[in-house]
Amino acid sequence: MKRLLDPILRHFVESGSLRVMWPDGTTTAYRGTKPGPQAGVHLKNTAAVRSLVFNPGLAFGEAYMNGLLEPLDCTLYDLLDLLMLNAMNPSGHVTEQLSAALRYVRRGWIQFNSASRSRQNVAHHYDLGNSLYALFLDKDWQYSCAYFRTGQETLDEAQEAKKHHIASKLKLDRPGLEVLDIGCGWGGMALTLAKDYGAVVTGITLSEEQLSFARQRAQDAGLEDRVRFELLDYRHLQRKFDRIVSVGMFEHVGVGHYKTFFETLRKSLKEDGIALLHSIGRSDEPGTTNPWMNKYIFPGGYSPALSEVFSAVQQTGLWVTDCEILRLHYARTIAIWRERFEAKRADAVAMYDERFARMFEFYLTAAELAFRVQGHMNFQLQLSPSISAVPYTRDYMVDAERAKTSSC
């Protein structure tokens, strides 16, 4: 198997250098012609080597989870930084390129997220147990990209800023506005909109764990009369709202359902209503989800190209009244999550096992680097059925955000 992987790596490593220790204890250095990171890897048996030849996108993460692959004289971050950077080269790993092409052909099925399948996909990740997420999330349980004005904010500060940044785009200019929160998570956004802006909020989720937790938070905060949470698929909505917000949920919709999603926004908004969609995206052309990430972390998940999103929006009669790209904000957010998880890693092992902890640290590391070296970003789209729902300029957003943050 070494003789098959060796020429692939010689072709693959164009930037930086990689040192490989093979199962027999020998080492080989692969040096690219461009500057880049330096890292090493120890492949512990022939099965690991074989899998990296034929299915590297899935096999690398699995080999790390199973202890058959270890970083050599470097960290996991160093190793993935080198590999994910080189994976962006046009030549790349030939079998992975073929696998990616096949995944693209099959992505309609891979992302066929019917209502029942969506429930299963959500449970796979979000019902792992609140104790796990307590290890690394902020005090408000925001499991999405934070907003760093300077990059020096604490996680709590940046997540609070994110909520107000989004609220400013919802134009919550009077109390009593009815707001729908699609994919409400543990309830932090809904509670903030009710408490700080006087909104009446309905949050919907497909996670049993999140639903129970969010309802308890509303009760503890004395906001049960202004916030309610429901276990409901967005496709089953039957009423209209003044405002709709969705943060970190669109990644689970699936490309074949984009038109349905935006049609649902359109029919669920009042004629002068405003929606704000916050999602992970990719800065390049349409692609596919890494097979390891699809199998172990987010089944049915996908970060879309903006061209795919705008194509769906334009079929539904919605105006895109504002668009903002957040580039490195999520990289910074995940870096903090990764550091916090590492500090509590022993707790994760006690809750689950060593293999799970390795899976989760691999996920956080790869996710951060997707934003640093592979073109991932976040976008925020403000949408409305009406051409005149928002003012001519964005000044109202800035004024509202500054007024709220200066008073906090």
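What you see is a predicted model; the values in this text were computed from it and never measured.

Conventions used here
Residues numbered from 1 in each chain as written. Predicted model: local features only at pLDDT ≥ 70, side-chain atom pairs only at ≥ 80, totals over all residues. Heavy atoms only, no water. Helix = DSSP H or I, 4+ residues; strand = E, 2+ residues; numbered from the N terminus. 1 Å grid on protein atoms, 1.4 Å probe; cavity = no way out; pocket = protein on both sides within 12 Å on 5 of 7 lines; lining within 4 Å. Points joined across faces, edges and corners; volume = space filled by probe spheres on them. Nonpolar A, V, L, I, M, F, W, Y, C, P; charged D, E, K, R; others polar. Core = buried A, V, L, I, M, F, W, Y, C linked by side-chain atoms within 4.5 Å. Buried < 20%, exposed > 50% of the residue type's maximum accessible area, 1.4 Å probe, protein only. Contact = heavy atoms within 4.5 Å. Salt bridge = Lys/Arg side-chain N within 4 Å of Asp/Glu carboxyl O. Phe/Tyr/Trp six-rings, centres within 6.5 Å; stacked < 30°, edge-to-face > 60°. Lys NZ or Arg CZ within 6 Å of the ring centre and 35° of its normal. Axes fitted to C-alpha atoms, helices over the stretch in contact; angles between N-to-C directions. Parallel < 35°, antiparallel > 145°, perpendicular 65-115°, else oblique.

I would appreciate a short explanation of unusual backbone geometry in the present structure.
Outside of glycine, negative phi angles account for most residues, and trans bonds account for most peptide bonds. The phi dihedral of Asp73 is positive, around 55 degrees, even though this residue is not glycine. For Asp73, the location among the structural elements is in the loop between strand E4 (69-71) and helix H4 (76-86). Even without being a glycine, Lys171 presents a positive backbone phi close to 55 degrees. Turning to its location among the elements, Lys171 is positioned in the loop between helix H8 (155-170) and strand E5 (178-182).

How should I be thinking about empty space enclosed by the protein in this particular structure?
A probe matching the size of a water molecule, rolled over the atoms, marks out where space remains unfilled. Counted under the stated rule, the structure contains one cavity of 30 Å³ or more. In this structure, the largest cavity encloses a volume near 40 Å³. What lines the largest cavity is Asn121, Val122, His125, Tyr126, His252, Phe298 and Pro299. A per-class count over the lining of the largest cavity returns four nonpolar, three polar and no charged.

Teacher, can you tell me more about the nonpolar core here?
The nonpolar side chains of a soluble globular protein tend to be buried with one another. Formed by 70 residues in total, the largest nonpolar core has its most connected members in Tyr143, Trp292, Phe360 and Tyr363. Take this core: its biggest share by element is 11 residues, from helix H16 (residues 354-373). For Tyr143, the residues in contact, after removing those within four places along its chain, are His125, Tyr126, Tyr133, Phe136, Leu137, Trp186, Phe298, Tyr330, Trp337, Phe360 and Tyr363. Counting residues in each nonpolar core, the second largest holds 27 residues, with Phe241, Phe250, Val255 and Val309 among its members.

What's the story with the pattern of salt bridges in this structure? I'm lost.
Oppositely charged side chains can pair when the atoms bearing their charge come close. According to the stated counting rule, one finds 27 salt bridges in the structure shown. Between Lys270 and Asp242 there is a salt bridge, with the nearest N and O atoms lying 3.2 Å from each other. With a gap of 28 residues between them, Lys270 in strand E9 (residues 269-282) and Asp242 in strand E8 (residues 241-247) connect regions that are remote in the sequence. Exposure remark for Asp242: the relative accessible area of 9% places this residue in the buried category. Salt-bridge contacts for Glu354 lead to Arg345; the nearest nitrogen and oxygen are separated by 2.7 Å. Glu354 sits in the partly exposed class, given a relative accessible area of 35%. Via salt bridges that share partners, Lys44, Glu70, Arg345, Glu354, Arg358 and Glu361 belong to a single interconnected network.

Can you help me understand the packing of aromatic side chains in this one?
Given two aromatic rings, their pairing is described by the distance between the two centres and the angle made by the two planes. Throughout the structure, instances matching the rule amount to 27 aromatic pairs. Measuring from ring centre to ring centre gives 6.4 Å for Phe136 and Phe341, while their planes differ by 80 degrees; the resulting arrangement is edge-to-face. Taken together, the residues Phe136 in the loop between helix H7 (130-133) and H8 and Phe341 in helix H14 (residues 329-343) connect sequence positions 205 residues apart. For Phe136, a relative accessible area of 0% translates into the label buried. On the numbers, 5.7 Å between centres and 50 degrees between planes, the contact of Phe136 with Phe360 is tilted. Of this pair, Phe136 sits in the loop between H7 and H8 while Phe360 is found in helix H16, placing the two residues 224 residues apart along the sequence. Pair check on accessibility: Phe136 and Phe360 agree, each one buried. In this structure, Arg358 packs its charged tip against the face of Tyr64, placed 4.2 Å from the ring centre. In this arrangement the basic side chain of Lys404 is found over the ring face of Tyr197, its NZ or CZ atom lying 4.7 Å from the centre.

Where do I start with the packing of helix H2 (residues 46-54) against helix H3 (residues 56-65) in this structure?
For any two helices packed against each other, one specifies the inter-axial angle together with the distance between the axes. Look at H2 against H3: their axes get within 7 Å of each other, and the N-to-C directions meet at 150 degrees. Of the possible angle classes, the one that applies to H2 and H3 is roughly antiparallel. Where H2 abuts H3, its residues Ser51, Leu52, Val53 and Phe54 lie against Pro56, Ala59 and Phe60. Residue classes in the contact of H2 with H3 are distributed as six nonpolar, one polar and no charged.

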